[in-house]
Amino acid sequence: MSVFKVWMRWRPLNPSEAETGEIQREYGQHHSNPQSCVSITSPLQAKALSTREKSWKSGFSFDGIIECNDNNHLVFNRVVAPIIPEVLKGKSCNFFAYGHSGSGKSHTMIGYDFEHADESGLCLAAARQLSAALEHINSKDNNHQFGIGLRVFELRKNIAFDLLNERNECFVREGSDGRVYIRGETEMLENGKVRVRPIATKACWSFEELHQELQKGLKHRKTATSTVHDQSSRTHAVIELEIITKDLLNARDQVVERQSELVPIGKHATDVYIEEQSRAVVQTEEGKFVPNPDYQMDQARVDAAEAKKAEFESRVKEAEEHESEVFATTARTHRCIGGKLVFVDLAGAEFLSSTTESALKQTPQEKQEGRQINTDLLALKEVIRARSSKQSRIPYRSSPLTMVLREHFEASTDTHSAMILTVSPEASQYTATTNTLKYGDLVGFANGHKR
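Just so it is clear, the model here is predicted, and its values are computed rather than measured. (Residues numbered from 1 in each chain as written. Predicted model: local features only at pLDDT ≥ 70, side-chain atom pairs only at ≥ 80, totals over all residues. Heavy atoms only, no water.)

We now examine the overall build of the protein chain. Regarding its fold elements, the protein chain presents 11 helices and 19 strands. Burial status across the protein chain gives 47% buried among its 451 residues. When the accessible surface of the protein chain is summed, it comes to about 22,600 Å², and 49% of that surface belongs to carbon and sulfur atoms. (Helix = DSSP H or I, 4+ residues; strand = E, 2+ residues; numbered from the N terminus. Buried < 20%, exposed > 50% of the residue type's maximum accessible area, 1.4 Å probe, protein only. Areas by Shrake-Rupley, 256 points an atom, 1.4 Å probe, with all protein chains shown as cover.)

Here we take up the UniProt feature "binding site: ATP" (unreviewed entry) in the protein chain. Here, UniProt's "binding site: ATP" (unreviewed entry) annotation points to Gly99, His100, Ser101, Gly102, Ser103, Gly104, Lys105 and Ser106. Here Gly102 is to be found in the loop between strand S6 (92-98) and helix H3 (105-109). A relative accessible area of 28% means that Gly102 is categorised as partly exposed. (UniProt positions renumbered as here; feature names shortened; annotations may be inferred.)

Strand order in the open sheet made by the three strands is S2-S3-S4, with antiparallel pairing throughout. Both edges of this open sheet fall to strand S2 (24-29) and strand S4 (55-57), since each of them pairs with a single strand only. The average angle at which neighbouring strand axes cross in this sheet is 10 degrees, direction not considered. When strand S3 (residues 36-41) meets S4, the two strands line up antiparallel, connected through three bridges. Paired with Ser39 across the strands is Lys57, a residue of S4. (Pairing = 2+ DSSP bridges. Axes fitted to C-alpha atoms, helices over the stretch in contact; angles between N-to-C directions.)

Its 34 residues give helix H6 (residues 246-279) an end-to-end C-alpha distance of 50 Å, which sits within 8% of 50 Å, the value for a rise of 1.5 Å per residue. At Leu262, H6 shows its largest kink, close to 25 degrees, and the proline Pro264 lies no more than four residues downstream. (Expected span 1.5 Å × (residues − 1). Bend = angle between axes of the 7 residues up to and from the residue.)

Glancing now at the pattern of salt bridges. Summed over all chains, the structure comprises 24 salt bridges. One salt bridge in this structure joins Glu325 and Arg332, with 3.8 Å as the shortest N-O distance. A single network of salt bridges, built from pairs that share partners, joins Arg151, Glu240, Glu242, Arg252 and Glu323. (Salt bridge = Lys/Arg side-chain N within 4 Å of Asp/Glu carboxyl O.)

Here the focus is the packing of aromatic side chains. Applying the stated criterion across every chain, the model contains five aromatic pairs. Relative to Phe409, the ring of Phe96 has its centre 5.8 Å away and its plane inclined at 20 degrees; by these criteria the two rings are stacked. With a gap of 313 residues between them, Phe96 in strand S6 and Phe409 in helix H10 (residues 400-411) connect regions that are remote in the sequence. Here Phe96 and Phe409 have matching classes, each one buried. For Arg167, the ring lying beneath its charged end belongs to Phe161, and the centroid distance is 4.2 Å. (Phe/Tyr/Trp six-rings, centres within 6.5 Å; stacked < 30°, edge-to-face > 60°. Lys NZ or Arg CZ within 6 Å of the ring centre and 35° of its normal.)

Right, let's talk about empty space enclosed by the protein for a bit. If you walk through the whole model with that rule in mind, you get one cavity of 30 Å³ or more. Of the volumes computed, that of the largest cavity is approximately 70 Å³. Considering the residues around the largest cavity, the lining is formed by Leu155, Arg156, Lys157, Arg234, Thr235, His236, Ala347, Glu369, Gln372, Ile373 and Asp376. Residue assignment for the lining of the largest cavity shows that the elements contributing at least two residues are strand S7 (146-156) and helix H9 (364-388). The leading source of residues in the lining of the largest cavity is H9, at four residues. A per-class count over the lining of the largest cavity returns three nonpolar, three polar and five charged. (1 Å grid on protein atoms, 1.4 Å probe; cavity = no way out; pocket = protein on both sides within 12 Å on 5 of 7 lines; lining within 4 Å. Points joined across faces, edges and corners; volume = space filled by probe spheres on them. Nonpolar A, V, L, I, M, F, W, Y, C, P; charged D, E, K, R; others polar.)

Another aspect to go through is the environment of Val152. Mapped onto the secondary structure, Val152 falls in strand S7. Sequence spacing of Val152 and Leu163 is 11 residues, and the spatial spacing of their C-alpha atoms is 5.6 Å. Here Val152 is in contact with Phe161, Asp162, Leu163, Leu164, Leu214, Leu218, Val238 and Ile239, once residues within four sequence places are set aside. (Contact = heavy atoms within 4.5 Å.)

Between H9 and H10, the least distance of the axes is 9 Å, while the angle of their chain directions is 30 degrees. In terms of orientation, H9 lies roughly parallel with respect to H10. When the axes of H9 and H10 are compared, the crossing they make is right-handed. Residues Gln372, Asp376, Ala379, Leu380, Val383, Ile384 and Arg387 of H9 pack against Pro400, Leu401, Thr402, Leu405, Phe409 and Glu410 of H10. (Parallel < 35°, antiparallel > 145°, perpendicular 65-115°, else oblique. Left-handed = near helix turned anticlockwise from the far one by under 90°.)

The next thing to look at is the pairing of strand S9 (residues 168-174). Inspection of the sheet shows strand S8 (residues 159-162) paired to S9 by four bridges, in the antiparallel sense. What sits directly across from Phe161, in S9, is Glu169. Between S8 and S9, which follow one another and run antiparallel, lie five residues, and Glu166 among them has a positive phi close to 55 degrees. For S9 and strand S10 (residues 180-188), the ladder comprises four bridges, and the chain directions are antiparallel. Counted as the bridge partner of Phe171 is Arg183 from S10. With antiparallel pairing between neighbouring strands as the criterion, S9 and S10 make up a hairpin whose turn holds five residues, including Gly178 at a positive phi of roughly 90 degrees.

Membership of the largest hydrophobic core comes to 48 residues, with the highest contact counts inside it found for Phe95, Leu341 and Phe343. Here the element with the most residues in this core is helix H4 (residues 122-139); it accounts for eight residues. The residues touching Leu341, leaving out its near neighbours within four places in the chain, are Ile84, Val87, Cys93, Phe95, Ala126, Leu130, Ile239, Glu240 and Leu241. (Core = buried A, V, L, I, M, F, W, Y, C linked by side-chain atoms within 4.5 Å.)

Turning next to H4. Here H4 contains 18 residues, and its C-alpha end-to-end distance of 26 Å stays within 8% of the 26 Å for a straight helix at 1.5 Å per residue. All of the buried residues along H4 are Leu122, Cys123, Leu124, Ala125, Ala126, Ala127, Leu130, Ser131, Ala133 and Leu134.

With that settled, the discussion passes to the pairing of S8. Pairing between S7 and S8: four bridges, direction antiparallel. Considered in S8, the bridge of Leu155 is made with Ala160. Between S7 and the antiparallel strand that follows it, S8, lie two residues; Lys157 among them carries a positive phi value of about 55 degrees.

Together, Asp177, Glu318, Glu320 and Glu321 give the surface a local cluster of negative charge. Of note, Glu318 is situated in helix H7 (residues 299-333). (Patch = residues over 30% accessible without salt bridge, like charges linked within 9 Å, V, L, I, M, F, W, Y side chains within 5 Å. Lys, Arg positive; Asp, Glu negative; His and termini not counted. Charge placed at Lys NZ, Arg CZ, Asp CG, Glu CD.)

Here it is, written out as structure tokens:
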């Protein structure tokens with residue numbers, strides 16, 4: 001049975017929300033498994049709410065419920081800490097925060113208090129524990145030095161912004177090999193070289209170093225006004241922590257370098273072929289193309305260009321094989337190499353009727369942005385459901401978000417993935433909270449939990 005875990009976290013009421021009232025909630029547990037259900041009721045007797053809308057009950061879809069007064073340290077210990085040993089075995093583990101704007105997603109994943117460990121976001125708390133484990137491994141091995149490769153970017157439509165590289169704009173593209181790549185703008189180098197850099201990886205050899213790099217990167221994160229507050233994250237933020245060595249990073253740099261050398265050579269070979277082909281034909285008065293009697297295609301020139309291209313392609317292949325060998329050699333003695341934690345702070349979900357006051361205030365651009373966010377979140381749910389039911393086709397191409405996450409999903413098993421639903425107990429947020437729980441209920445049910 002698939003065990004992609006789904007957790008529910010209530011945020012505390014703000015002082016300004018106390019007068020509004022609080023959503024009434026009750027919990028239940030299935031007699032044959034540890035999954036929980038929740039029943040919520042709105043204290044508001046507004047005419048806008050039907051009897052059905054005033055009360056809602058989930059199935060037994062949730063692996064745990066985290067109450068308002070529980071801090072981030074407790075969330076980490078329950079949700080993430082049990083997975084750290086799997087990362088130290090080289091496995092990839094994914095964590096998602098889903099909820100409407102203002103429900104506490106960023107507080108849970110990233111945290112706002114960087115000085116107190118109890119309120120550190122899950123990504124920083126995980127980095128602290130992972131760094132301590134790697135320090136212990138390094139103390140016993142003089143041949144390798146393990147660190148954490150940090151990547152931080154945010155995604156808006158099909159554009160990724162590299163937060164560790166001055167918010168450099170990158171693009172999401174699917175290669176001919178079927179893999180999805182996030183690349184920056186093309187750089188023109190000396191000797192005709194062309195380089196397209198991937199998302200920056202910051203090698204961190206201590207927790208303090210990673211802490212500083214993460215803080216610097218997050219300062220570049222963009223916020224905007226939403227229907228809930230004026231500092232809402234309107235992009236999906238992705239934070240990757242990967243166990244690396246200097247040799248592995250050097251080998252990856254060599255692959256990028258060889259690819260940079262190939263680009264002008266490959267372009268030249270294409271240009272030569274097109275030039276020779278165009279000279280070898282002429283156009284008649286009727287508009288037809290026929291062989292040119294005055295020019296014989298220089299096949300030797302074409303072959304020479306293709307041979308040069310093949311030479312540089314083989315260099316790329318050698319670099320890729322060297323990277324694989326470095327990884328495999330290290331993995332024979334240290335399974336932790338390549339272990340990865342991925343934290344995704346999803347953009348706030350919004351569910352607005354076109355006639356609500358909040359919807360009427362939105363600009364066309366904000367409405368389009370909201371539609372794209374909801375499209376991404378729907379696509380994510382469908383990918384999780386398709387994976388859990390072992391469908392032959394997983395709809396990764398449904399959105400840029402799921403395209404980017406494809407590699408992380410395929411590198412992990414559902415056993416090592418979890419979603420945290422962040423919800424507000426404020427009565428006026430009842431509809432948004434219900435929609436968040438319905439989303440999680442579908443994800444949990446799809447992963448084998450009982451209704």
